[in-house]
Protein chains: 2
Amino acid sequence: MTRAELIHQIKTKRSFLCVGLDTDLTKIPEHLLDDEDPIYSFNKAIIDATADLCVAYKPNIAFYECYGIKGWQSLQKTWAALPKDCFSIADAKRGDIGNTSGRYAMAFFDEKTSGLGFDSITIAPYMGKDSVTPFLDFNDKWAIVLALTSNEGSLDFQNFENKEGLQLFEQVIDKVNTWGTPDNLMYVVGATRGEGFIKIREHAPDHFLLVPGVGAQGGSLEDVCKFGMNKDCGLLVNSTRGIIYASKGRDFAERAREEALILQKEMEVELLKAGIIS
Amino acid sequence: MTRAELIHQIKTKRSFLCVGLDTDLTKIPEHLLDDEDPIYSFNKAIIDATADLCVAYKPNIAFYECYGIKGWQSLQKTWAALPKDCFSIADAKRGDIGNTSGRYAMAFFDEKTSGLGFDSITIAPYMGKDSVTPFLDFNDKWAIVLALTSNEGSLDFQNFENKEGLQLFEQVIDKVNTWGTPDNLMYVVGATRGEGFIKIREHAPDHFLLVPGVGAQGGSLEDVCKFGMNKDCGLLVNSTRGIIYASKGRDFAERAREEALILQKEMEVELLKAGIIS
């Protein structure tokens, strides 16, 4: 998906919601566990219930890989069930030396080889340039590089500061910016520190940011928009647990839709406030 | 595998060789391509030809994942074919927020769930403590954390330096040291800069180091041992291309054995010099 297409989707759906598909067999409704592929059954119902309210889906690959071959089958079926007007994110946090990163790019981008053709993949930047650039060699595919994450341990290294006062996450953005463009690069920036976005936008004014941490992890959508939104919106805000686990009963998909709708309405307000839609 | 068992293997086999299984369909002998599972056929022949000369095997997961479900099948069969006296390394470079890293640990450590029960996994440290510690919760399993890698882009971030002159890779080792012990933690340190090991050993005198980059990537085994060996050896030196792609003919396994034997003999000399074996 191109940047223009993504922006068009945001304006059409009046939403910049990404729904996380971190599907956990211990958290999905019990009545699904007798299905042949409970993970897929759950995902398909969630997708059908939310597709008109969100612009992106983000399965976290760990939740599939942990079941080995069976999990990979669920992932392939889930990917195939994603609506073509939604941006698909393989939340895989991969990264290796150049020729090996090329293999990870095949795994998630090259449907003919792997059975998966996501629009984008999340990338860990520790190994540097040749670990990131192989993901940028595919037309209309995106690398979403970890910058400032929302987890407990995020500040163990990401705010490591050099003598000029530049922190590692800033250095990551500055360097990675030189390897791609706002048309094929995004950054992961956690929502747990709203003002953190001021600094991020100094380094990446035009890039889209993938923002986890709204809802269950405590981030505020209003703060994220106040400090992080740009003229094209520039935000994909992810919610996982608050939506997909809204209910463990037979009404799980309905309840997921209700929660997604609340977020979509809040996002519509923000898009209106910013003059991005009217 | 415990540290004591690993050291015992090194002394018994007079080797600290790790054979990388980055099996690439475009590089393996053509006569194997008609097999039902060429990757597995190749790996099995390599393993049978080298098992008495090495103490570890390291499949890089990207080379399997790129083929989707089929690749995952090859990986499971390869893992099952690894000799029990060899240390097995899933070179996966994973890392995510805590509960998700727990899923990756299941994927590679918990045979009952995923079909894979590796002894260890390589980890990217960018996301900090909660991304690493879930891998340390398994008995006799290891996290092998990227510190100073051997690839072209390794210095983009790993030598980012704070005002005290501490570089990021040193900070990674210092912090990660506090999360585990030399009994469940190793570090990845590339062989391309022999003297680099002096600094590494200041921060991690007792830990085992997984060392890629000898051979094809230009590192010298003698330098690695001179600057990196400790009283327990403390090194697993990986070679991939030099061994597994020594020949593209029908003699590929024989030739792999010859190359592995050359390295094993060099390693025996180093172990004798250091008084670790007699």
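Residues numbered from 1 in each chain as written. Chains lettered and ligands numbered in written order. Predicted model: local features only at pLDDT ≥ 70, side-chain atom pairs only at ≥ 80, totals over all residues. Heavy atoms only, no water.

Per an unreviewed UniProt entry, the recorded name for chain A is Orotidine-5'-phosphate decarboxylase, and the organism is Sphingobacterium siyangense. Recorded in UniProt for chain A, the comment headed Pathway (unreviewed entry) runs: "Pyrimidine metabolism; UMP biosynthesis via de novo pathway; UMP from orotate: step 2/2." A UniProt comment under Sequence similarities (unreviewed entry) is attached to chain A, and it reads "Belongs to the OMP decarboxylase family. Type 2 subfamily." (UniProt positions renumbered as here; feature names shortened; annotations may be inferred.)

Chemist: Help me out: how do you make sense of the packing of helix 9 (residues 196-203) of chain B against helix 10 (residues 221-228) of chain B in this one?
Modeler: Each pair of packed helices gets described by two things: the angle between the helix axes and the distance between those axes. Residue and element names in this part refer to chain B. Between helix 9 and helix 10, whose axes approach to 8 Å, the crossing angle comes to 30 degrees. Considering their axes alone, helix 9 and helix 10 lie roughly parallel with respect to each other. The interaxial crossing formed by helix 9 with helix 10 has right-handed handedness. Here helix 9 contributes Phe197, Ile198 and Arg201 to the contact with helix 10, which in turn contributes Val224, Phe227 and Gly228. By residue class, the composition of the contact of helix 9 with helix 10 is four nonpolar, one polar and one charged. (Axes fitted to C-alpha atoms, helices over the stretch in contact; angles between N-to-C directions. Helix = DSSP H or I, 4+ residues; strand = E, 2+ residues; numbered from the N terminus. Parallel < 35°, antiparallel > 145°, perpendicular 65-115°, else oblique. Left-handed = near helix turned anticlockwise from the far one by under 90°. Contact = heavy atoms within 4.5 Å. Nonpolar A, V, L, I, M, F, W, Y, C, P; charged D, E, K, R; others polar.)

Chemist: Can you walk me through the side chain of Ser114 of chain B in this structure?
Modeler: Relative to the helices and strands, Ser114 of chain B is located in helix 6 (residues 111-114). When near neighbours in sequence (up to four residues on either side) are disregarded, Ser114 of chain B contacts Glu65, Cys66, Tyr67 and Gly68 of chain A together with Gln76, Met106, Ala107 and Phe108 of chain B.

Chemist: Would you explain the relation of the copies chain A and chain B in this entry?
Modeler: Each copy of the chain is related to the other by a rotation around an axis and a translation along that axis. Mapping chain A onto chain B leaves a residual RMSD of 0.0 Å; the transformation is a rotation of 180 degrees accompanied by 0.0 Å of translation along its axis. Taken together, the rotation and translation describe the operation of a two-fold axis. The overlap is high: 100% of the interface residues of chain A also sit at the interface in chain B, so the same surface is used on both sides. (Least-squares fit on C-alpha atoms with pLDDT ≥ 70 in both.)

Chemist: Looking at this structure, how should I read the interface of chain A and chain B?
Modeler: One frequent convention defines the size of an interface as the accessible area lost when the parts assemble. Across the boundary between the two partners, chain A contributes 60 residues, which contact 60 residues of chain B. Among the residues chain A hides against chain B, the three largest losses belong to Tyr126, Phe157 and Phe160 of chain A. Together they make up 19% of the total. Inspection of the chain A/chain B interface yields eight salt bridges. Between Glu65 of chain B and Arg94 of chain A there is a salt bridge, with the nearest N and O atoms lying 2.9 Å from each other. Seen at the junction of chain A and chain B, the total is 30 residue pairs in polar contact (both at pLDDT 80 or more). Those elements giving two or more residues to the side of chain A that touches chain B turn out to be helix 3 (62-65), helix 4 (68-81), strand 3 (87-94), helix 5 (98-109), helix 6 (111-114), helix 7 (129-132), strand 5 (142-148) and helix 8 (168-177) of chain A. When residues in the side of chain A that touches chain B are grouped by element, the largest group, seven residues, is from helix 5 of chain A. Among the residues making up the side of chain A that touches chain B, the classes are represented as 27 nonpolar, 19 polar and 14 charged. (Buried area = accessible area lost by both parts, 1.4 Å probe. Salt bridge = Lys/Arg side-chain N within 4 Å of Asp/Glu carboxyl O. Polar contact = N/O pair within 3.5 Å; in protein donor to acceptor, adjacent residues only side chain to side chain.)

Chemist: Would you mind showing me how to read the sheet that holds strand 1 (residues 17-20) of chain A here?
Modeler: Two orientations exist for strands paired in a sheet by backbone hydrogen bonds: parallel and antiparallel. Residues and elements named next belong to chain A. Strand order in the closed barrel formed by eight strands is 1-2-3-4-5-6-7-8, and the pairing between neighbours is parallel. Adjacent strand axes in the sheet meet at a mean angle of 30 degrees, parallel and antiparallel pairs treated alike. Sheet strands touched by helix 8: strand 5 and strand 6 (185-189). Its angle to strand 5, the strand with the most contacts, is close to 155 degrees. Relative to strand 8 (residues 235-239), helix 10 (residues 221-228) is tilted by about 165 degrees, and along the sheet it contacts strand 7 (208-211) and strand 8. (Pairing = 2+ DSSP bridges.)

Chemist: Is there a simple way to explain the pairing of strand 4 (residues 120-123) of chain B in this structure?
Modeler: Residue and element names in this part refer to chain B. Side chains of strand 4 alternate between two faces, with Ser120 and Thr122 and Ile121 and Ile123 buried alike. Two elements, strand 3 (residues 87-94) and strand 4, share three bridges in a ladder whose sense is parallel. Note that in strand 4 the partner of Ala90 across the bridge is Ile121. Alignment of strand 4 against strand 5 (residues 142-148), held across four bridges, turns out to be parallel. Looking at the pairing, Ile123 lines up with Val145 of strand 5. (Buried < 20%, exposed > 50% of the residue type's maximum accessible area, 1.4 Å probe, protein only.)

Chemist: Help me understand the pattern of salt bridges, please; the structure alone is not making it clear to me.
Modeler: Residue and element names in this part refer to chain A. Tallied over the entire structure, the rule returns 37 salt bridges over all chains. For the salt bridge of Glu270 with Lys273, the shortest nitrogen-to-oxygen distance reads 3.4 Å. With a gap of three residues between them, Glu270 and Lys273 both fall in helix 12 (residues 252-273), about one helical turn apart. Judged by relative accessible area, Glu270 falls into the buried class, the value being 10%.

Chemist: Sorry, what's going on with helix 5 of chain A here?
Modeler: Because each turn of an α-helix spans 3.6 residues, side chains separated by three or four positions end up pointing in the same direction. Residues and elements named next belong to chain A. Given a rise of 1.5 Å per residue, twelve residues ought to cover 16 Å, and the 16 Å separating the end C-alpha atoms of helix 5 matches this to within 8%. Within helix 5, ten of the twelve residues are buried, which leaves it mostly tucked inside the rest of the structure. For helix 5, every residue scored as buried is listed here: Gly98, Thr100, Ser101, Arg103, Tyr104, Ala105, Met106, Ala107, Phe108 and Phe109. (Expected span 1.5 Å × (residues − 1).)

Chemist: Please explain unusual backbone geometry as it appears in this structure.
Modeler: Note on backbone geometry: most residues besides glycine have negative phi, and most peptide bonds are trans. Residue and element names in this part refer to chain B. Unusually for a residue other than glycine, Arg14 sits at a positive phi of about 55 degrees. Within the secondary structure, Arg14 sits in the loop between helix 1 (3-13) and strand 1 (17-20). Accessibility expressed as a relative area gives 24% for Arg14, which makes it partly exposed. You will see that Asp140, though not glycine, has its phi angle at about 60 degrees, which is positive. As for its placement among the helices and strands, Asp140 is situated in the loop between helix 7 (129-132) and strand 5. Its relative accessible area of 45% is what places Asp140 among the partly exposed residues.

Chemist: Whenever I open this one, the packing of aromatic side chains confuses me. Can you help?
Modeler: One pair of aromatic rings is described through two measures. These are the centre distance and the angle between the planes. Taken as a whole and assessed by the stated rule, the structure comprises 17 aromatic pairs over all chains. When the centroid spacing of 6.5 Å and the interplanar angle of 55 degrees are considered together, the rings of Phe160 of chain A and Phe160 of chain B count as tilted. You can see Phe160 of chain A sitting in the loop between strand 5 and helix 8 and its partner Phe160 of chain B sitting in the loop between strand 5 and helix 8 (168-177), one on each of two chains. Of the two residues, Phe160 of chain A and Phe160 of chain B, both sit in the buried class. An aromatic cluster of at least three residues, connected via ring pairs, comprises Trp72 and Phe108 of chain A together with Trp72 and Phe108 of chain B. Above the face of the Trp79 of chain A ring, Lys84 of chain A is positioned so that its terminal group lies 5.4 Å from the ring centre. (Phe/Tyr/Trp six-rings, centres within 6.5 Å; stacked < 30°, edge-to-face > 60°. Lys NZ or Arg CZ within 6 Å of the ring centre and 35° of its normal.)

Chemist: Help me out: how do you make sense of the side chain of Asn230 of chain B in this one?
Modeler: Its location among the elements puts Asn230 of chain B in the loop between helix 10 and strand 8 (235-239). Beyond its immediate sequence surroundings of up to four residues, Asn230 of chain B is in contact with Arg201, Pro205, Asp206, His207 and Ile276 of chain B.

Chemist: Help me understand the sheet that holds strand 2 (residues 56-58) of chain B, please; the structure alone is not making it clear to me.
Modeler: Residues and elements named next belong to chain B. A barrel is described by the order of its strands in space; here eight strands give the closed sequence 1-2-3-4-5-6-7-8, paired in parallel fashion. Strand-to-strand twist of the sheet, defined as the mean angle between neighbouring strand axes without regard to direction, takes the value 30 degrees. Each of strand 3, strand 5, strand 6 (185-189), strand 7 (208-211) and strand 8 touches helix 1; the most contacted strand, strand 7, lies at about 60 degrees to it. The sheet strands contacting helix 5 (residues 98-109) are strand 3, strand 4 and strand 5, and the helix crosses strand 3 at an angle near 145 degrees.

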